[in-house]
Amino acid sequence: MTTYANPRNKIKASRSPQAETFNKKGVHVRRAYTVNKSASDLFDFWRNLENLPKFMTHLQEVIVLDEKRSHWKAKAPAGTSVEWDAQIINEEKDKLISWRSLEGASVQSTGSVRFIETGDRGTEVRVVLEYIPPGGQVGKLVARLFGEEPSQQIQEDLRRFKQLMEAGEIPTSQGPRGTCGSKKSRRTTS
Amino acid sequence: MKALVWCGKHKVSVETVPDPTIINPRDAIIRVTTTCICGSDLHLYDGFMPTMKAGDILGHEFMGIVEEVGPAVHNLKKGDRVVVPFTIACGNCFYCKRQLWSSCDNSNPNAWMAEKMMGYSPSGLFGYSHLTGGYAGGQAEYVRVPFADVGPFKIPEDLTDEQVVFLTDIFPTGYMAAENCNIQQGDTVAVWGCGPVGQFCIRSALLLGAKQVVAIDDVPERLHMAQEGGAVTIDMSDEQVYERLLDLTGGRGPDSCIDAVGAEAHGMTVDAALDKIKTTLFLSTDRAHALRQAINCCRKGGTLSVPGVYIGFPDKLPFGALMNKGLTVKTGQTHVMKYLKPLTELIRKKQIDPRFVITHELPLEQAPHAYEIFQKKQEGCIKVVLKP
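Residues numbered from 1 in each chain as written. Chains lettered and ligands numbered in written order. Predicted model: local features only at pLDDT ≥ 70, side-chain atom pairs only at ≥ 80, totals over all residues.

Next up on the list: the interface of chain B and chain A. Taken together, the contacts link 37 residues of chain B with 25 residues of chain A. Among the elements that make up the side of chain B that touches chain A, the one with the highest residue count is strand β1 (residues 2-8) of chain B (3 residues). (Contact = placed C-beta atoms within 7 Å. Helix = DSSP H or I, 4+ residues; strand = E, 2+ residues; numbered from the N terminus.)

Attention shifts here to the domain arrangement of chain B. All names here are of chain B. Domain boundaries in chain B define domain 1 (2-169 + 334-387) and domain 2 (174-331). Taking only C-alpha atoms, the centre of domain 1 and the centre of domain 2 are 25 Å apart. Across the contact, 19 residues belong to domain 1 and 19 residues belong to domain 2. Looking at the side of domain 1 that touches domain 2, the elements with two or more residues in it are α1 (41-45) and α12 (336-348). Taken together, the residues that form the side of domain 1 that touches domain 2 break down as 9 nonpolar, 7 polar and 3 charged. (Domains from an automatic or database assignment. Nonpolar A, V, L, I, M, F, W, Y, C, P; charged D, E, K, R; others polar.)

It is worth spelling out the sheet that holds strand β11 (residues 188-192) of chain B at this point. Residues and elements named next belong to chain B. Taking strand neighbours across the sheet as the criterion, the 6 strands line up as β13-β12-β11-β14-β15-β16 in an open arrangement whose pairing is parallel. Pairing within the sheet leaves two strands with one partner each, and these edge strands are β13 (232-235) and β16 (328-331). Averaged over all adjacent pairs, the angle separating strand axes in this sheet is 20°, with direction ignored. Here β11 runs beside strand β14 (residues 256-259); their pairing, made up of 4 bridges, is parallel. Within β14, the position partnered with tryptophan 192 by the bridge is aspartate 259. Docked against the sheet, helix α10 (residues 289-297) engages β11, β14 and β15 (303-306), running at close to 180° with respect to β14. (Pairing = 2+ DSSP bridges. Axes fitted to C-alpha atoms, helices over the stretch in contact; angles between N-to-C directions.)

Below you can see the structure in the form of structure tokens.
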């Protein structure tokens, strides 16, 4: 399995900036967002991996075990969950964090995030995420973690990161709705 | 609470719905004291806007009293009287920091939807379809206002609701459209559409130093109001617009042309008839007659300013004329926050009294009737103010 200690190499190799497949080889997503915050603020938030579920909706919980190792728990369909351990494999203060699941984990997962300051445009946050599900029942669950458009869902996660960092909260239009004569309650999210 | 709910094309009703509550730390709840129907609400009413859902609460022009604030809102308190911009903006992103409030990166929860249609998403808007966020609107007794530390603007006690409520949209929208014309001494500005935004375009262009403003419409009471505001008028139902504009400008053509009509223009020409058929069949989303005529009538090197709302893909735009004459195009949803302070000052100094545009003041319960007469241009209806 490849590790992406240098995500730039991976980007060059890709045909599309948002290449995405979800087949036997799993989910591969890369996306850049520019966030109007310093690289150091963004790095610090991300480096505390327990913050990730605040914007990555497929994650239920990340527990930091020690300086490098962490335990990840993702929501799976029908109220179940998938869990694995991961470790940080590369880290440059305010510039780069990359991680991968430990050998023998039920889900092979790697990820990296690079923070590049651009001066007055904010900080480019370049993320590469990869999930390679195993075979069998767990594999089926993992394959369904992200719904039908895994790339879209992970991109939305990263948008939430930008919103949380810039605006301090994630916008929602949850609120009252009318019924138009139907008996169904309409207080829902849009 | 009571709210005006969209149930389908030409179907709106006042319903009792749950009260909104604070959800995010930067939210506020506003008790609405005055709210209005906007010309752009008619695009929703007429079923032109995709991504509407039955049950959506309409309205993006509203003001009122702060009832409650979230823990992160420190500049407002219960009891403050505020106008609320129709654009929702976070105040911290690249766009907000450059006063491009209606391009805020972080206020549209459905940004992905707008990105599919436009490449990038504009800001969230109140009560204006799910493409722009799906936020419950202000034709209601209460509204949850996100990022309330950025948008709501406190109003001095000496100004009435009717004097300031149009700061939420149509006054800044007309003003920005005129400002976008970069008016120089001796300029003629032509305005298509004498609805409420057009009326504010006319007055703003004169305030900004236009020598002459020409207003184009075919509704007598609207032309009359434009005339009272200082415009020369063209009744397009019995005058040739291009010829009259040539005559009024000594053969040069207007220096700037403002399309204050948007997606649902009607006209007297073949292209307008074709648009009507195509949009009825959903072959096109917009009827762009006014836009085409504005492009054709504008002088070489002039400016085309478009405050009128377009939705998707207007048909048969004379892009050749636009290119060959070297027109400058300025458009966009209004960066309302940028204009609140200076325009409030204009009102206080009595340089403009926005109340001129009000033709109807009705209780919120009568909103369905108000939509009907506004849409059909009956009873001389130009602008409706609603009282919850």
